[in-house]
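Coordinate analysis (summary)
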Amino acid sequence: MQKTTPRHSFIGVGFGPSNIALAIALKEGGMDKLGNSALFIEKQPEFSWHKHMMMDNTHMQISFMKDLATLHNPKSDFTFINYLHQHNRLADFINLQTFYPSRHEFNDYLTWAASHFDQQTRYGEEIFDVQPIIANQQVVALRVFSRDASGQTFQREANNLVMSVGGSAYIPEQFRHLAGESRVFHSNQYLQKIELNREAKKIAVIGAGQSAAEIFRNLHGRPEGYEVDFIMRANSIKPSDDSPFVNEIFNAEFTDYVFSKNKAERESLVREYRQTNYACPDLPLIEEIYDVFYQQKVRKDERHNFVPSTDIETVVSDQQGVHLKVKNRRTGEQYIRTYDAVVLATGYERDHYKKLLRPLASYLGDFEVDRDYCIKTNDNFQPKIVLQGACEQSHGLSDTLLSLLAVRSQEIGQRLNKSNINYSINSENSKKIEKVT
Ligand SMILES: Cc1cc2nc3c(=O)[nH]c(=O)nc-3n(C[C@H](O)[C@H](O)[C@H](O)COP(=O)(O)OP(=O)(O)OC[C@H]3O[C@@H](n4cnc5c(N)ncnc54)[C@H](O)[C@@H]3O)c2cc1C
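Going by an unreviewed UniProt entry, the protein carries the name L-lysine 6-monooxygenase (NADPH) and comes from Colwellia psychrerythraea. Checking UniProt for the protein, the heading Cofactor (unreviewed entry) contains the comment "FAD".

Written out as structure tokens, the structure is:
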């Protein structure tokens, strides 16, 4: 089947918060022409935000005012406050006296915002390849390939690409040979995979961050009565620093400051403020977990173990379970423990986009970005390739978070709008083929 459609102004890869914020910025920022000819492609069958970590009692780690729009335009239709108003809960939310809605509620807010762009979004298609379209030795546009769950493939053309693919699960080396094992899984699959492991008795949770802590608490509270070893390399769990002066690193101006620095200075800034985001659960959650272990001591119960300062050396899986050979970093003691399931709350990698862009690699140098998040390209490469959520090294710690979505999307929108105007002048009336095979 073939049909004729215009070449898209850009294709957005993924439709998570970053690209929803961009869609809003275009709609409300007088950039309709660019927005209306854009297409967002999302691999999930419908919108959802970290679906398998959507546990009860989890809350946002950021003020609701850092929603998709407020920081740039508090009068936007897409603020969290307007969402509450539209859903008749504004007064009740105020009564909660919090800046931190539940994760369930924020997911509902994001779903509501995303629903305004259904016409411009294709759900259930995963982009797996991007190829250059070449004319007169210039790359003039991109051909984007996607596949749906039934295996049907699609190809479309776009002038530009906005990569907003989020993080992909980081699996430590020792566990990689167990890919596909249903007893060993990453936190990003937690709620789905724990259902397949209901018969498990002993579970290891690996990691010391917010996800590890939330999963420990969730396993502790489940009726199955799991025995959990909470294993981490760190010597203890440290809380996230969200104190006010430190929090200024998430202000918009700080992005300019980080970007103005050289590579070594940027790295040093990211290192200095790492504890605002990495391996640092919220203090109340740490206190809750401490209390679980304290009450165990009171009852002389040994159900769970807190196992800090521990390296996992090797992992073997057989019918008896998953055997972890571990080493205590303080004493050097080595021993083997066997589990029915292992949850890897080991964080995320942010360079998945490089794999998708591999066919363009010869034009993209070392993937360095400019201030507007566009990859610096050769002169013979016209499309803009924008990275959202993969620029922490150049733009600072806010880049992977929700903090500045409202501001960043505006900056990106304006940059794309400028190049779209040039494109429209150069190629008026051009129509291209979208093939559906
Ligand atoms: C459990 C959890 C809780 C968090 N809580 C907070 C918080 O409270 N505050 C905060 O600031 N940050 C939080 N974060 C950080 C998080 O990165 C951001 O909240 C936010 O999700 C970033 O949005 P994004 O659109 O850049 O990425 P994502 O939300 O990851 O969205 C990327 C989307 O791209 C899609 N996709 C990926 N590859 C393809 C492809 N090839 N083709 C098509 N679609 C594709 C994915 O399915 C996904 O929907 C949390 C992260 C996690 C894991």
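There is more to say, and it comes next.
Our focus in this paragraph is the site of the ligand. Taken together, 28 residues surround the ligand, and among them Ser 18, Glu 42, Trp 49, Gln 61 and Leu 402 come closest. At 3.0 Å, a backbone N or O of Ile 127 approaches a nitrogen atom of the ligand. Protein burial of the ligand: of its 990 Å² of free accessible surface, 91% is covered by the chains. Residue assignment for the shell around the ligand shows that the elements contributing at least two residues are helix 1 (17–28), strand 3 (39–42) and strand 5 (125–135). Take the shell around the ligand: its biggest share by element is three residues, from strand 5.

Turning next to the packing of aromatic side chains. For the structure shown, the criterion picks out 26 aromatic pairs. Considering the side-chain rings of Phe 64 and Phe 93, the 5.4 Å spacing of their centres and the 90° angle between planes classify their relative orientation as edge-to-face. Pair noted here: Phe 64 is in the loop between strand 3 and helix 3 (80–86) and Phe 93 is in helix 4 (residues 90–96), with a separation of 29 residues, a long-range link. Its relative accessible area of 10% is what places Phe 64 among the buried residues. Since its relative accessible area comes to 6%, Phe 93 is described here as buried. Ring plane angle 70° and centroid distance 5.4 Å describe the contact between Phe 80 and Phe 93, whose orientation is recorded as edge-to-face. Here Phe 80, found in helix 3, pairs with Phe 93, found in helix 4; they are 13 residues apart in sequence, far enough to count as distant. Here Phe 80 falls in the buried class, since its relative accessible area comes to 0%. Members of the aromatic cluster, joined through ring pairs, are Trp 49, Phe 64, Phe 78, Phe 80, Tyr 83, Phe 93, Phe 99, Tyr 100, Phe 106, Tyr 109, Trp 112 and Phe 117. Across the ring face of Phe 259, the terminal group of Arg 266 is positioned such that the distance to the ring centre comes to 4.7 Å.

Analysis parameters
Residues numbered from 1 in each chain as written. Predicted model: local features only at pLDDT ≥ 70, side-chain atom pairs only at ≥ 80, totals over all residues. Heavy atoms only, no water. UniProt positions renumbered as here; feature names shortened; annotations may be inferred. Near = heavy atom within 4 Å. Polar contact = N/O pair within 3.5 Å; in protein donor to acceptor, adjacent residues only side chain to side chain. Areas by Shrake-Rupley, 256 points an atom, 1.4 Å probe, with all protein chains shown as cover. Helix = DSSP H or I, 4+ residues; strand = E, 2+ residues; numbered from the N terminus. Phe/Tyr/Trp six-rings, centres within 6.5 Å; stacked < 30°, edge-to-face > 60°. Buried < 20%, exposed > 50% of the residue type's maximum accessible area, 1.4 Å probe, protein only. Lys NZ or Arg CZ within 6 Å of the ring centre and 35° of its normal.

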